[in-house]
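# Structure assessment
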Amino acid sequence: VGSSTDWRTTAGSIAGGLRCSQVLKTDGTLWILGGEDDRGELCQNNNANFSSPTQNYGSGTTWNYVGGGELHGSAIKTDGTLWMWGYNGFGQLGVNDGTQRSSPTQVPGTTWSKVVGGNAQLTIALKTDGTLWSWGKNDWGSLGHNNQANYSSPTQIGSDTTWSSVRVGGGHKVRAIKTDGTLWSWGKASTGELGNNNKTQRSSPIQVGSDTTWKEIYGAFENAYATKTDGTLWSWGANSSGRLGQGETSSHNSPKQIGTSTGWSAIIDAGYNRGYAITAGGGL
């Protein structure tokens with residue numbers, strides 16, 4: 001993509017959406033990749049299409065973390081402020097209304113640390129104090145507030161202050177890890193993708209098993225992948241096309257280890273019916 005060699009490679013530097021992606025450069029600028037823009041998701045203060053990387057409207061060199069979204073974008077600056085743009089039909093921009101934006105609009109607060117925008121028209125974000133917040137569409141309880149009401153402004157999920165990371169998977173489900181290494185999930189569960197040994201929908205966080213060694217989680221449309229601190233790789237949920245990597249095509253309602261290797265380094269991506277991971281030796 002172009003000839004630039006200054007794209008940032010650290011966590012939170014690239015985030016994909018339905019029709020565009022957000023990418024950071026080492027100089028703190030934010031760039032949009034994508035071609036279709038009838039909802040303002042390209043962040044150019046218009047609805048023009050672009051076929052090459054374009055710097056976001058308003059420029060700036062203090063962007064620090066990008067979170068993506070289905071038809072909306074999200075990004076955090078070095079001062080801890082959170083900014084969003086794009087489609088807002090369910091309040092997923094977090095600015096207490098349903099009005100679409102085509103340029104960055106600040107969400108209240110100044111202590112945001114991570115943000116993820118799911119393809120279910122919702123947004124979930126972490127603050128530096130370890131609290132977890134969500135807003136937007138909630139028809140499967142995926143906002144974690146023990147109901148199915150939509151929210152147009154950030155609302156804290158419970159009262160815990162030990163959340164460490166969060167991922168929004170396709171199809172209205174969320175998984176998160178706490179600082180104590182426990183794994184939690186909520187939302188839609190039609191294929192057992194929440195990992196709770198059943199197919200029951202949850203509208204508030206429920207712990208996955210009792211293990212305290214979860215390291216990284218990555219959710220796909222109907223399944224999930226995770227690594228543990230011992231270097232093992234796990235998967236669960238729907239398994240058509242063998243997407244769970246288990247050597248068979250049976251679905252699993254709870255985490256099942258992939259093989260016996262303890263040399264897994266990171267989960268790279270998870271598509272509709274496939275997964276990608278890297279070993280400690282650099283193998284893909």
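For the structure itself, consult the block above.
Structural notes, computed from the coordinates. Quick caveat, the model's predicted, so the values are computed rather than measured.

## Notes on the pairing of strand β5 (residues 63-66)
Examined bridge by bridge, β5 and strand β6 (residues 72-77) share 3 bridges and lie antiparallel to one another. Counted as the bridge partner of tyrosine 65 is isoleucine 76 from β6. Hairpin geometry of β5 and β6 is characterised by an intervening segment of 5 residues between the two adjacent antiparallel strands and by a positive phi of about 70° at glycine 68.

## Structural notes on the state of the cysteines
Counted according to the given criterion, the structure contains 0 disulfides. Free cysteine: cysteine 20, not disulfide-bonded; nearest cysteine sulfur from cysteine 43 at 9.3 Å. For cysteine 43, a relative accessible area of 0% puts it in the buried group.

## Some thoughts on the side chain of asparagine 223
Assignment of secondary structure puts asparagine 223 in strand β18 (residues 223-228). Here tyrosine 225 takes part through its side chain, which lies 3.1 Å from a polar atom of the side chain of asparagine 223. In this structure asparagine 223 touches Arg175, Glu193, Trp236, Gly237, Ala238, Arg243, Leu244 and Tyr272, once residues within four positions along its chain are discounted.

## Observations regarding a nonpolar patch on the surface
A contiguous nonpolar surface patch, about 340 Å² in accessible area, is contributed by Ile268, Tyr276 and Leu284. Tracing the backbone through its elements, the reader meets isoleucine 268 in strand β21 (residues 264-270).

## A few points about the packing of aromatic side chains
All told, the structure shown has 8 aromatic pairs when counted by the stated rule. Centre to centre, the rings of tryptophan 163 and tryptophan 184 are 6.2 Å apart; their planes meet at 75°, and the pair counts as edge-to-face. With a gap of 21 residues between them, tryptophan 163 in strand β13 (residues 163-169) and tryptophan 184 in strand β15 (residues 183-187) connect regions that are remote in the sequence. The same class applies to tryptophan 163 as to tryptophan 184, namely buried. Between tryptophan 214 and tryptophan 234 the ring centres are 6.0 Å apart and the planes differ by 70°, which places this aromatic pair in the edge-to-face class. Note that tryptophan 214 is positioned in strand β17 (residues 214-219) and tryptophan 234 in strand β19 (residues 233-237), a separation of 20 residues in sequence. Each member of the pair tryptophan 214 and tryptophan 234 is classed as buried.

## Some words on the sheet that holds strand β12 (residues 151-156)
Note: strands within a sheet are paired through backbone hydrogen bonds, in either parallel or antiparallel orientation. Overall, antiparallel pairing links the 4 strands, which are arranged β9-β10-β11-β12 in an open sheet. Of all strands in the sheet, those bounded by a partner on one side alone are β9 (112-118) and β12. Shown here is a sheet whose adjacent strand axes are inclined to one another by a mean of 15°, direction ignored. Strand direction decides the pairing type here: β9 and strand β10 (residues 122-127), joined by 6 bridges, are antiparallel. Of the residues in β10, the one forming a bridge with glycine 117 is threonine 123.

## A look at the side chain of histidine 72
When you line up the elements, histidine 72 lands in strand β6. Side-chain polar atoms of histidine 72 contact the side chain of threonine 123, separated by 3.2 Å.

## Here we look at the nonpolar core
Nonpolar side chains tend toward joint burial in soluble globular proteins. Ile124, Leu132, Trp163, Val166 and Trp186 are the most contacted members of the largest nonpolar core, which has 15 residues in total. Counting residues per element, the ones that place at least two in this core are β10, β13, β14 (173-178) and β15. Sequence-distant contacts of isoleucine 124, defined by excluding residues within four places in its chain, comprise Lys114, Val115, Val116, Leu132, Trp133, Ser134, Ser142, Val166, Val168, Val174 and Trp186.

## Remarks on the pairing of strand β2 (residues 20-24)
The element β2 is largely enclosed, with a buried count of 4 among its 5 residues. For strand β1 (residues 14-16) and β2, the ladder comprises 3 bridges, and the chain directions are antiparallel. In the sheet register, glycine 16 faces β2, and the bridge partner there is serine 21. Between the end of β1 and the start of β2, which pair antiparallel, lie 3 residues. The pairing of β2 with strand β3 (residues 30-34) spans 5 bridges and is classified as antiparallel. Considered in β3, the bridge of glutamine 22 is made with isoleucine 32. Linkage of β2 to β3, two consecutive antiparallel strands, is achieved through a turn of 5 residues, within which glycine 28 is found at a positive phi near 85°.

## Focus on the environment of alanine 280
Mapped onto the elements of the fold, alanine 280 is located in the segment after β22 (275-279). Note on alanine 280: relative accessible area 66%, which makes it exposed. Distance from alanine 280 to glycine 231, taken between C-alpha atoms, is 8.6 Å for residues 49 residues apart in sequence. Excluding residues that lie within four positions of it along the chain, alanine 280 makes contacts with Gly263, Trp264 and Ser265.

What counts, and at which threshold
Residues numbered from 1 in each chain as written. Predicted model: local features only at pLDDT ≥ 70, side-chain atom pairs only at ≥ 80, totals over all residues. Heavy atoms only, no water. Pairing = 2+ DSSP bridges. Helix = DSSP H or I, 4+ residues; strand = E, 2+ residues; numbered from the N terminus. Disulfide = S-S within 2.5 Å. Buried < 20%, exposed > 50% of the residue type's maximum accessible area, 1.4 Å probe, protein only. Polar contact = N/O pair within 3.5 Å; in protein donor to acceptor, adjacent residues only side chain to side chain. Contact = heavy atoms within 4.5 Å. Patch = residues over 30% accessible without salt bridge, like charges linked within 9 Å, V, L, I, M, F, W, Y side chains within 5 Å. Areas by Shrake-Rupley, 256 points an atom, 1.4 Å probe, with all protein chains shown as cover. Salt bridge = Lys/Arg side-chain N within 4 Å of Asp/Glu carboxyl O. Phe/Tyr/Trp six-rings, centres within 6.5 Å; stacked < 30°, edge-to-face > 60°. Axes fitted to C-alpha atoms, helices over the stretch in contact; angles between N-to-C directions. Core = buried A, V, L, I, M, F, W, Y, C linked by side-chain atoms within 4.5 Å.

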